[in-house]
Amino acid sequence: MPHLEAPDRRIWLDGRLVPWAEATVHVLSHSHARGSLVFDYMSVNETPRGPAIFRLADHVARFLHSAELVGLPLERGAEELIRACKEAVRANPGAAVVKLHAYLPSVEIDVVPADDHVAVAIAAFHPRKDVLAHKPGPLPRTPETVRIWLEKERRQRRPDIMHPHAKVAANYTSPMAAKWQARKRGYDEVLLVDERGFVAEGPTTNFFLVDTEGTLRTPPEESVLLGVTRRSILAIAEADGIPFVEEPITEAALFGAAEAFLTGTSAGVWPIASVDDRTIGSVCPGPVSLGLRRHFKEVVAGKDPAFASWLSYVNE
Ligand code: PMP
């Protein structure tokens, strides 16, 4: 198996910029062994005013909330983290994403760490050029539209375990298992259901449908991660005069939809072609998905002054 070549990037680690290859943890570290690492992931976009991080303050707020839900005693506040994310992007020209992490680097025996120092690491990089390009085989292709498998048995999104609002490594274990199953069955992606069997979200995306009346519908906040793209799409829909509701979504509503799509920092607006091999709607991508995708792309690129406050320019 070829080794991952270290890209020429620097990682912001507890206030210092260190080479990519040096940003490591011990195999017995608490975060590695217990899945206690919390993180957030945001996009960096080229704009006429230089690189801008999309909704940086909102991502940092969600990150702090994740740490709170898990009980990590984070020593840094929002303002410092915002400054540090911008510094990490400035130090890594061409970065397309910023990943912010808080973790317990200490080697621990007990589930409750004896040394509770929470390290903060911020990686600003380009996923395809810096990571995927170094993997064996051809670069993976992202299809324009997505073929979904609906995971119905395990009821992944349960607020009575670790809440879906916490972006903590441990919360990605069952989605990973489900997505692996979906891939083995020939699908691109998986949709998870909540404890009552309502459609919830994908492993790293939120879910929307457009019903036959043209209303946008998305599951309510309590059963999903509070996606920044989800919230942005709702605001853009409002600006575009598209009616929307946040309510539990049944399987029947999904199969009867005119359009459906996933949203996320990496996925943007990703139209769903089929679920369990049944096509959704009569045309994919449908007109509402396409309109929202176009408008969202303009917003992240700083081309819509109505949403200018969502961009944090790293060089200003
Ligand atoms: N749900 C889950 C479980 C996720 O991990 C993500 C990715 N952060 C999303 C939804 C989409 O969130 P966002 O739009 O903030 O990327």
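Because the structure is a prediction, the values reported are computed rather than measured.

Trainee: Which parts of the structure should I look at to understand the overall build of the chain?
Mentor: A count of helical and extended segments in the chain gives eight helices and 16 strands. Expected size for 316 residues packed as a compact globule is a radius of gyration near 20 Å; at 20 Å, the chain falls within 12% of this value. Taking the principal axes of the C-alpha coordinates as reference, the chain spans close to 55 × 45 × 40 Å. Considering only contacts in the chain between residues 6 or more positions apart, those separated by 24 or more positions represent 69%. Total accessible area on the chain is roughly 15,000 Å²; 54% of this is exposed by carbon and sulfur atoms.

Trainee: For this particular structure, what's the right way to read the site of the ligand?
Mentor: Looking at the ligand, there are 17 residues lining it, with Y172, E201, V228, T229 and T265 nearest. In the model, an oxygen atom of the ligand is placed 2.8 Å from a nitrogen or oxygen of the R62 side chain. A total of 390 Å² of accessible area belongs to the ligand in isolation, and the protein chains cover 97% of it. Of all the secondary structure elements, the ones that give two or more residues to the shell around the ligand are α2 (56-70), α6 (228-239) and β13 (259-264). Of the residues assigned to the shell around the ligand, the class counts are four nonpolar, nine polar and four charged.

Trainee: Explanation requested: the sheet that holds strand β2 (residues 16-19) in the structure shown.
Mentor: Whenever strands of a sheet pair, they do so through backbone hydrogen bonds, lying parallel or antiparallel. Taken in spatial order, the seven strands make up an open sheet running β2-β1-β6-β5-β3-β4-β16, and their pairing is antiparallel. A strand with exactly one partner marks an edge of an open sheet, and here the two such strands are β2 and β16 (311-313). Ignoring strand direction, the axes of neighbouring strands in this sheet form an average angle of 30 degrees. Pairing of strand β1 (residues 10-13) with strand β6 (residues 119-125), which is carried by three bridges, proceeds in the antiparallel orientation. Across the sheet, residue I11 finds its bridge partner in β6, namely A123. Its contacts with the sheet place α2 against β3 (38-47), β4 (50-54), β5 (97-103) and β16, and it is angled at close to 175 degrees to β3.

About the criteria used
Residues numbered from 1 in each chain as written. Predicted model: local features only at pLDDT ≥ 70, side-chain atom pairs only at ≥ 80, totals over all residues. Heavy atoms only, no water. Helix = DSSP H or I, 4+ residues; strand = E, 2+ residues; numbered from the N terminus. Rg over C-alpha atoms; globule rule 2.2 N^0.38 Å. Contact = heavy atoms within 4.5 Å. Areas by Shrake-Rupley, 256 points an atom, 1.4 Å probe, with all protein chains shown as cover. Near = heavy atom within 4 Å. Polar contact = N/O pair within 3.5 Å; in protein donor to acceptor, adjacent residues only side chain to side chain. Nonpolar A, V, L, I, M, F, W, Y, C, P; charged D, E, K, R; others polar. Pairing = 2+ DSSP bridges. Axes fitted to C-alpha atoms, helices over the stretch in contact; angles between N-to-C directions.

Keep in mind these values describe shape, not function.
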